Amino acid sequence: MNGEARLLAPLVPTRGYFPDFLTPAEGLLGMDEALSALRETPAARLHDELSRLSTARPLPSWIRAMAEGETRPLSRLAGTLQRYYEAAVAPYWPRVQGRIEADRATRGRALLDGGADRLLASLPPMLRWRAPVLEADYPVDRDLYLNGRGLLLLPSYFCRRTPVTFHNPELTPVLVYPVEHQAPRLTPPPRSDRCLGRLVGQTRSAILQGIGVGCTTSELARRVDVSVASASQHATVLREAGLLVTLRQGNAVLHTLTPLGAALLRGSRPAEAAAYERLA
């Protein structure tokens, strides 16, 4: 991860400007979509935004080449971001997502209780709603005029102290603001099998884990070391909860996990689980 961090450091300084193309709107759909959008950044935009980087120190040759329109450095950047994400973000993502969802719930409740005024007034202290202006403790003095375009509010775990917005005022108005941090350090989530056992009980947790890529009730009973009747009863409860599907094959039945059941085992809720819930 240190190698990736050193490569990315000139593009994302600890203070001041960093290029807008590094945070594409497609990032709301997931990391794959964000990297795909990044790879398709027009050469003219790359040149314009990279030329704004501080020149206190010479930029690495691969960044200069990217600014001049070479495609290979852009692919290298996408790969570096992917590796950095997998090492530094992905192991902690369930915790991060939990904090973000908690903040969104708070803002949603404020919106339901008092409309846009209550929502804007509920934002963290570095943001102050003085209608019709939202003031922010921003690193530089600037004004952002919406001109009827609306404002996308994005809570961020990694944004600290001050909010962030795009440098280019022509882009969709976005305000990224810090979520509240209750713990000094971010730790990986506990093992999902232990948490799952406390949630649904050890036997049903074992049932979910024992299904694997699919099995009959008799096979499941042997894997979990329970009676066939008990395995069938627990499978029924889990099926009614939408965690598994049971299909009859002749005189036997075959149990398989639903996307929601598989996501529960992984200790997270990926996009396919959310899609399943919408369809269910």
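Residues numbered from 1 in each chain as written. Predicted model: local features only at pLDDT ≥ 70, side-chain atom pairs only at ≥ 80, totals over all residues. Heavy atoms only, no water.

Details of the packing of helix α8 (residues 202-211) against helix α10 (residues 228-240)
For any two helices packed against each other, one specifies the inter-axial angle together with the distance between the axes.
Stage number 1. Put simply, α8 and α10 touch, their axes get as near as 10 Å, and they point 80 degrees apart. Comparing their axes, α10 and α8 come out roughly perpendicular. Together, Thr-203, Arg-204, Ile-207 and Leu-208 of α8 and Ala-231, His-234, Val-237 and Leu-238 of α10 make up the contact between the two elements.
Stage number 2. When the residues that make up the contact of α8 with α10 are grouped by side-chain class, the tally is five nonpolar, two polar and one charged. (Axes fitted to C-alpha atoms, helices over the stretch in contact; angles between N-to-C directions. Helix = DSSP H or I, 4+ residues; strand = E, 2+ residues; numbered from the N terminus. Parallel < 35°, antiparallel > 145°, perpendicular 65-115°, else oblique. Contact = heavy atoms within 4.5 Å. Nonpolar A, V, L, I, M, F, W, Y, C, P; charged D, E, K, R; others polar.)

Quick word on the pairing of strand β4 (residues 174-178)
Stage number 1. Counting buried positions over the five residues of β4 gives four, a clear majority of the element.
Stage number 2. One ladder, built from five bridges, connects strand β3 (residues 152-156) with β4; its direction is parallel. By the bridge assignment for β4, Leu-152 is matched with Val-174. (Buried < 20%, exposed > 50% of the residue type's maximum accessible area, 1.4 Å probe, protein only. Pairing = 2+ DSSP bridges.)

Concerning the packing of aromatic side chains
Any pair of aromatic rings gets described here by the distance separating the centres and the angle formed by the planes.
Stage number 1. One pass over the structure, following the stated rule, counts one aromatic pair.
Stage number 2. Relative to Phe-158, the ring of Tyr-157 lies with its centre 5.6 Å away and its plane at 70 degrees, an arrangement referred to as edge-to-face.
Stage number 3. Taking the relative accessible area as the measure of exposure, Tyr-157 reaches 8% and is therefore buried. (Phe/Tyr/Trp six-rings, centres within 6.5 Å; stacked < 30°, edge-to-face > 60°.)

A few points about unusual backbone geometry
Stage number 1. A cis amide bond, omega 5 degrees, links Ala-131 with the succeeding residue Pro-132.
Stage number 2. Mapped onto the elements of the fold, Pro-132 is located in the loop between β1 (127-130) and β2 (133-136).
Stage number 3. Even without a glycine there, the phi angle at Arg-161 is positive, about 70 degrees.
Stage number 4. Mapped onto the fold, Arg-161 is located in the loop between β3 and β4.
Stage number 5. Residue Arg-161 is classed as exposed on the basis of its relative accessible area, which comes to 71%.
Stage number 6. Unlike most non-glycine residues, Asp-225 shows phi in positive territory, near 65 degrees.
Stage number 7. Its place among the elements puts Asp-225 in the loop between α9 (217-224) and α10.

A word on the packing of α9 against α10
Stage number 1. Running from N to C, α9 and α10 point in directions that differ by 105 degrees, and their axes come no closer than 8 Å. Viewed along their axes, α9 and α10 adopt a mutual orientation that is roughly perpendicular. Where α9 abuts α10, its residues Thr-217, Ser-218 and Ala-221 lie against Val-228, Ala-231 and Ser-232.
Stage number 2. Counted by class, the contact of α9 with α10 contains three nonpolar, three polar and no charged residues.

Considerations on the side chain of Asp-103
Stage number 1. Positionally, Asp-103 belongs in helix α6 (residues 93-121).
Stage number 2. Judged by relative accessible area, which is 6%, Asp-103 ranks as buried.
Stage number 3. Within the structure, Asp-103 has its side chain in polar contact with the side chain of Tyr-177 (distance 2.4 Å).
Stage number 4. When residues no more than four places from it in sequence are discounted, the contact partners of Asp-103 are Pro-155, Tyr-177 and Val-179. (Polar contact = N/O pair within 3.5 Å; in protein donor to acceptor, adjacent residues only side chain to side chain.)

Points about the pattern of salt bridges
Stage number 1. Under the criterion given, the structure shown has seven salt bridges.
Stage number 2. With its nearest N and O atoms 3.2 Å apart, the salt bridge here joins Arg-104 to Glu-101. A residue pair is termed a helical-turn pair when its members lie 3 or 4 positions apart in one helix, as Arg-104 and Glu-101 do in helix α6 at three residues.
Stage number 3. Taking relative accessible area as the criterion, Arg-104 reaches 49% and is therefore assigned partly exposed.
Stage number 4. Among the ionic pairs, Glu-135 bridges to Arg-128, the shortest N-O distance being 3.7 Å.
Stage number 5. It is possible to trace a salt-bridge network through shared partners that takes in Arg-128, Arg-130, Glu-135 and Asp-137. (Salt bridge = Lys/Arg side-chain N within 4 Å of Asp/Glu carboxyl O.)

Notes on the environment of Arg-223
Stage number 1. Inspection of the secondary structure assignment puts Arg-223 in helix α9.
Stage number 2. Looking at Arg-223, the relative accessible area reads 47%, which means it is partly exposed.
Stage number 3. Sequence separation between Arg-223 and Ile-207 is 16 residues, and the spatial gap between their C-alpha atoms is 8.4 Å.
Stage number 4. Beyond its immediate sequence surroundings of up to four residues, Arg-223 is in contact with Gly-210, Ile-211, Gly-212, Gly-214 and Cys-215.

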